[in-house]
Amino acid sequence: NAGVTQTPKFQVLKTGQSMTLQCAQDMNHNSMYWYRQDPGMGLRLIYYSASEGTTDKGEVPNGYNVSRLNKREFSLRLESAAPSQTSVYFCASRRNRDSYSNQPQHFGDGTRLSIL
Amino acid sequence: SQQGEEDPQALSIQEGENATMNCSYKTSINNLQWYRQNSGRGLVHLILIRSNEREKHSGRLRVTLDTSKKSSSLLITASRAADTASYFCATDVYSSGSRLTFGEGTQLTVNP
């Protein structure tokens with residue numbers, strides 16, 4: 001059982017290049033999330049998908065787009081990369097969409113992205 | 001601003017000692033969760049405490065929740081070098097739908 005799988009693990013881009021980060025989960029979870037983590041900081045939510053077919057903005061959505069391709073896959077796209085987007089990106093999933101279900105999130109191991 | 005704030009930011013102890021980390025938050029919650037992050041890895045869920053619970057145990061972990069003070073603590077007893085990691089609290093708020101809000105974390109170092 002792989003859990004949450006992110007690809008690639010590392011990537012270096014030049015300013016202005018585009019890139020898609022891939023995430024897949026095999027736990028049949030309904031909700032999926034994209035976070036970024038900068039040095040010495042907690043996680044900040046970029047976008048999330050509460051259920052298949054829906055996506056919503058989080059705290060820091062500017063410069064990013066997402067696609068919930070199907071129940072398993074949730075991708076994050078940088079259309080025109082900027083140095084400020086250098087970060088570690090984490091994908092997560094959760095079984096149920098609402099907070100009343102009291103479910104934890106399950107995380108991938110991250111994509112380390114550097115933009116020069 | 002972050003819903004959860006951890007204290008201290010960094011903690012260094014000797015193996016065998018207990019480690020206590022605190023988390024404060026601002027709004028009413030449905031539950032509060034603690035996660036561990038080893039260097040270079042993703043977050044791993046440790047324990048979830050619901051708003052109507054006051055204390056919860058899991059192995060060497062003990063979590064308390066005081067909703068009147070809007071605070072939680074994570075106690076790791078008899079710490080080991082392998083407990084060295086960053087620890088994050090996350091709040092699950094009724095009005096936020098399916099989102100968690102994470103604090104900035106406590107970096108715990110356990111010296112052998």
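Heads up: these notes are all about the structure in this document. Nothing here was measured: the structure is a model prediction, and the numbers come from that model.

With that out of the way, let us pick up the overall build of chain B. Along the backbone of chain B there are zero helices and eleven strands. In chain B, the succession of helices and strands from N to C terminus is β-β-β-β-β-β-β-β-β-β-β. Over its C-alpha atoms chain B spans a radius of gyration of 13 Å, differing by no more than 12% from the 13 Å that the globule rule assigns to 112 residues. Based on the C-alpha atoms only, the size of chain B along its principal axes is roughly 45 × 30 × 20 Å. When the 112 residues of chain B are sorted by exposure, 47% land in the buried category. Put simply, 55% of the contacts in chain B that link residues at least 6 apart link residues at least 24 apart. Approximately 5100 Å² of chain B is accessible, and the part contributed by carbon and sulfur atoms is 44%.

The interface is formed by 25 residues belonging to chain B together with 28 residues belonging to chain A. Buried surface at the junction of chain B and chain A, summed over both partners, amounts to about 2000 Å²; 48% is from carbon and sulfur atoms. At the junction of chain B with chain A, the criterion picks out two salt bridges. Of the charged contacts, one joins Asp92(B) and Arg94(A) as a salt bridge, the two residues approaching to 3.1 Å between their closest N and O atoms. At the junction of chain B with chain A, the criterion picks out nine residue pairs in polar contact (both at pLDDT 80 or more). Where the side of chain B that touches chain A is concerned, the elements lending two or more residues are β4 (31-37), β5 (43-50), β9 (85-92) and β10 (100-102) of chain B. When grouped by side-chain class, the residues that make up the side of chain B that touches chain A number eight nonpolar, twelve polar and five charged.

Moving on, we come to the pattern of salt bridges. Evaluated as defined, the whole model comprises eight salt bridges over all chains. The salt bridge partner of Arg36(A) is Asp38(A), with a shortest N-O separation of 3.0 Å. Judged by relative accessible area, which is 8%, Arg36(A) ranks as buried. Residue class for Asp38(A) comes out buried when judged on its relative accessible area of 11%. Residue Glu53(B) pairs with Lys56(B) through a salt bridge whose shortest N-O separation is 3.9 Å. For Glu53(B), a relative accessible area of 24% puts it in the partly exposed group. Through salt bridges with shared partners, one network takes in Arg36(A), Asp38(A) and Arg44(A).

Let us now look at the packing of aromatic side chains. Under the definition given, this model contains eight aromatic pairs over all chains. Plain terms: the ring middles of Tyr33(A) and Tyr48(A) are 6.2 Å apart, the flat faces sit at 15 degrees to each other, and that makes the pair stacked. Highlighted residues: Tyr33(A) in strand β4 (residues 31-37) and Tyr48(A) in strand β5 (residues 43-49), separated in sequence by 15 residues. Judged by its relative accessible area of 0%, Tyr33(A) is buried. Grouping aromatic residues by their ring pairs yields a cluster made of Tyr33(A), Tyr35(A), Tyr48(A), Phe107(A), Tyr35(B) and Phe102(B).

Residues and elements named next belong to chain A. Applying the stated rule across the entire model yields two disulfides over all chains. The residue that forms a disulfide with Cys23 is Cys91, at a sulfur-sulfur distance of 1.9 Å. Measuring the twist about the S-S bond at about -75 degrees, one finds the Cys23-Cys91 disulfide to be left-handed. Of this pair, Cys23 sits in strand β3 (residues 19-25) while Cys91 sits in strand β9 (residues 87-94), and the two are 68 residues apart along the sequence. Each of the two residues, Cys23 as well as Cys91, counts as buried.

The rules behind each value
Residues numbered from 1 in each chain as written. Chains lettered and ligands numbered in written order. Predicted model: local features only at pLDDT ≥ 70, side-chain atom pairs only at ≥ 80, totals over all residues. Heavy atoms only, no water. Helix = DSSP H or I, 4+ residues; strand = E, 2+ residues; numbered from the N terminus. Rg over C-alpha atoms; globule rule 2.2 N^0.38 Å. Buried < 20%, exposed > 50% of the residue type's maximum accessible area, 1.4 Å probe, protein only. Contact = heavy atoms within 4.5 Å. Areas by Shrake-Rupley, 256 points an atom, 1.4 Å probe, with all protein chains shown as cover. Buried area = accessible area lost by both parts, 1.4 Å probe. Salt bridge = Lys/Arg side-chain N within 4 Å of Asp/Glu carboxyl O. Polar contact = N/O pair within 3.5 Å; in protein donor to acceptor, adjacent residues only side chain to side chain. Nonpolar A, V, L, I, M, F, W, Y, C, P; charged D, E, K, R; others polar. Phe/Tyr/Trp six-rings, centres within 6.5 Å; stacked < 30°, edge-to-face > 60°. Disulfide = S-S within 2.5 Å.

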